[in-house]
Amino acid sequence: MTVFEELEQATLAQFEQGELPHWLADPALAVARSPERYAGKEYLVEILVAQVREYDPYAETGCCKWAYDHEDIKRTLRWLDE
């Protein structure tokens, strides 16, 4: 399985069964479904996969951050498009 396929699976799972909002799921799926556009940036896609899998809308609450929030995902998506 490629990292792009992993991203698609993780995104769909978090969107359908988790709390990933469509405004984050849509651009993540666009990356997953465009491997030719992001060739050479697989390391960032791997980071995005981890962030999507561990997404938590409340990641910034409390004393410790154990998950990723929307800002983390948006930042990685920005890096991918640079």
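Residues numbered from 1 in each chain as written. Predicted model: local features only at pLDDT ≥ 70, side-chain atom pairs only at ≥ 80, totals over all residues. Heavy atoms only, no water.

Trainee: Give me the side chain of Gln-14: which residues, what numbers.
Mentor: As for its position among the elements, Gln-14 is in helix α1 (residues 3-17). Residue classification places Gln-14 among the buried positions, given a relative accessible area of 14%. From its side chain, Gln-14 meets the backbone oxygen of Val-52 in a polar contact 2.9 Å long. The contact partners of Gln-14, leaving out residues within four places of it in the chain, are Glu-19, Leu-20, Val-52, Arg-53, Glu-54 and Tyr-55. (Helix = DSSP H or I, 4+ residues; strand = E, 2+ residues; numbered from the N terminus. Buried < 20%, exposed > 50% of the residue type's maximum accessible area, 1.4 Å probe, protein only. Polar contact = N/O pair within 3.5 Å; in protein donor to acceptor, adjacent residues only side chain to side chain. Contact = heavy atoms within 4.5 Å.)

Trainee: Quick rundown of helix α3 (residues 42-53)? Include the residues and the values.
Mentor: Compared with the 16 Å implied by 1.5 Å per residue over twelve residues, the 16 Å span of α3 between its first and last C-alpha is a close match. Restricting attention to buried positions, one finds in α3 the residues Leu-44, Val-45, Leu-48, Val-49, Gln-51 and Val-52. Down the axis, α3 shows its buried residues gathered within 165 degrees of arc, on one side only. Looking at the buried positions of α3, the neighbouring elements they touch are α1, α2 (22-32) and α4 (70-80). (Expected span 1.5 Å × (residues − 1). Arc of directions from axis to C-beta.)

Trainee: Hey, could you go over the confidence of the model for the chain for me, with residue numbers and the actual values?
Mentor: When the pLDDT values of the chain are averaged, the result is 92; 90% of them are 70 or greater. Taking the mean pLDDT of every element in the chain, the minimum, 96, falls on α4 and the maximum, 98, on α2. (pLDDT = per-residue confidence, 0-100.)

Trainee: If you had to explain the packing of α3 against α4 to someone new, which residues and values would you point to?
Mentor: Put simply, α3 and α4 touch, their axes get as near as 10 Å, and they point 160 degrees apart. With respect to each other, α3 and α4 are oriented roughly antiparallel. As for how α3 packs across α4, the hand of that crossing is left-handed. On α4, the residues that touch Leu-44, Val-45, Ile-47, Leu-48, Gln-51 and Val-52 of α3 are Asp-72, Ile-73, Thr-76, Leu-77, Trp-79 and Leu-80. Grouping the constituent residues of the contact of α3 with α4 by class yields nine nonpolar, two polar and one charged. (Axes fitted to C-alpha atoms, helices over the stretch in contact; angles between N-to-C directions. Parallel < 35°, antiparallel > 145°, perpendicular 65-115°, else oblique. Left-handed = near helix turned anticlockwise from the far one by under 90°. Nonpolar A, V, L, I, M, F, W, Y, C, P; charged D, E, K, R; others polar.)

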